[in-house]
Every structure is written in structure tokens, then in C-alpha cells.
Amino acid sequence: MARRNKYNAKKIKIDGHTFDSKREAERYCELKLFFKAGLIRNLELQPRFLLQDEFFDKNEVKHKKIEYVADFMYIDKCGKTIVEDVKGVLTDVYKLKKKMFLNLYDNQYDFREIR
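Owing to the predicted nature of the structure, the values given are computational and were not obtained by experimental measurement.

*Asks:* Lay out the side chain of Asp71 with the relevant residues and their values.
*Replies:* Tracing the chain through its elements places Asp71 in the loop between strand S7 (66-69) and strand S8 (72-76). The side chain of Asp71 sits in the buried core without any salt bridge; Lys87 is the nearest counter-charge, 5.4 Å away. A distance of 2.6 Å separates the side chain of Asp71 from the backbone nitrogen of Val86, its partner in a polar contact. Ignoring any residue separated from it by four or fewer positions in sequence, one finds Asp71 in contact with Glu24, Glu44, Leu45, Gln46, Pro47, Glu84, Asp85 and Val86.

*Asks:* So what's going on with helix H2 (residues 92-105)? Which residues, and what values?
*Replies:* Taking 1.5 Å per residue, 14 residues should reach 20 Å; H2 reaches 20 Å between its end C-alpha atoms and fits that length. Every buried residue of H2 is listed here: Tyr94, Phe101 and Tyr105. Relative to the axis of H2, the buried residues are bounded by an arc of 25 degrees and lie together on one face. With respect to the buried face of H2, the exposed residues turned more than 90 degrees away are Asp92, Leu96, Lys99 and Asn103. Residues of H2 that are buried in the fold lie against strand S4 (48-52), S7, strand S9 (81-86) and strand S10 (110-114).

*Asks:* I'd like to hear about unusual backbone geometry, residue by residue, with values.
*Replies:* Even without being glycine, Asp15 reaches a positive phi, approximately 55 degrees. Summarising the element assignment, Asp15 is placed in the loop between strand S1 (12-14) and strand S2 (17-19). The residue Glu60 is not glycine, and still its phi comes out positive at about 65 degrees.

*Asks:* So, the environment of Glu54: which residues are in play, and what are the values?
*Replies:* Tracing the backbone through its elements, the reader meets Glu54 in the loop between S4 and strand S5 (55-56). Overall, the relative accessible area of 45% leaves Glu54 in the partly exposed class. Residues Glu54 and Ile66 lie 12 residues apart in sequence; the distance between their C-alpha atoms is 7.4 Å. If we ignore the near neighbours within four places in the chain, the residues touching Glu54 are Lys62, His63, Lys64 and Lys65. Among the polar contacts listed, one links the side chain of Glu54 to the side chain of Lys62, at a separation of 3.5 Å.

*Asks:* Provide a residue-level description of the pattern of salt bridges, including the pertinent values.
*Replies:* In the structure shown here, the tally under the stated rule is 13 salt bridges. Between Glu84 and Arg27 there is a salt bridge, and its shortest N-O distance comes to 2.6 Å. With Glu84 in strand S9 and Arg27 in helix H1 (residues 22-36), this pair connects stretches of sequence that are 57 residues apart. In terms of burial, Glu84 and Arg27 fall into one category: buried.

How each quantity is defined
Residues numbered from 1 in each chain as written. Predicted model: local features only at pLDDT ≥ 70, side-chain atom pairs only at ≥ 80, totals over all residues. Heavy atoms only, no water. Helix = DSSP H or I, 4+ residues; strand = E, 2+ residues; numbered from the N terminus. Buried < 20%, exposed > 50% of the residue type's maximum accessible area, 1.4 Å probe, protein only. Lys, Arg positive; Asp, Glu negative; His and termini not counted. Salt bridge = Lys/Arg side-chain N within 4 Å of Asp/Glu carboxyl O. Polar contact = N/O pair within 3.5 Å; in protein donor to acceptor, adjacent residues only side chain to side chain. Contact = heavy atoms within 4.5 Å. Expected span 1.5 Å × (residues − 1). Arc of directions from axis to C-beta.

See below:
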């Protein structure tokens, strides 16, 4: 029996890309149509954003960098760069990373949460 994740989402593969949920896969198909119609450009999957560099603390313990991985990024017909995250469950880690992302990148990107 195929194992599901703790939020009951089922992974789906489309065009060689594996999506964490049916809703994320559906959004990808929507964005592909927008791309083909010329409504968006530069569609990117799983863009990564640095939230904090790796560092060594005073005890010389190395702490790994913190990144936020969105679901999609693209440029809309008005020339704005859009970052999208498809969410079913808003975890505490997601809420924290979203807050850090907005603090660092809110002036550069238009963030959209797709529910």
C-alpha cells in the first residue's frame, strides 16, 4: 500500500515533476495554460530563497542555512514577479518561514498563498 504523508496529501507526477499534493499539481496545470496563452512568463518550479546564512556560534557549532522553497515563481503580464505557495495546512514552520520571507523579499516579489 502506498504511504501517505501526515497531512493525507498524495504525491502526483506530471511532466516529470513530482508535486506534494493534488492541489499543487492542479495549480501547475493552470499556470502551464497561462504560460501557453502568454499571460505569464518565466515559470519556475520550486524556487529557493535564502532566509539566513549558515553560521558558527560562539562555541564553534555550525548552524545550517535556512531556506524557503516556494512552489512556483513567474512574471505576470504586468511585469511583476509572483511567488506562489499552494497550501492546505499552514504549519508553524511554514508560518515562520513565510514571515521571514516577507521581511526580506516583500519589496522584490508579490507573494501569493493559494488555498
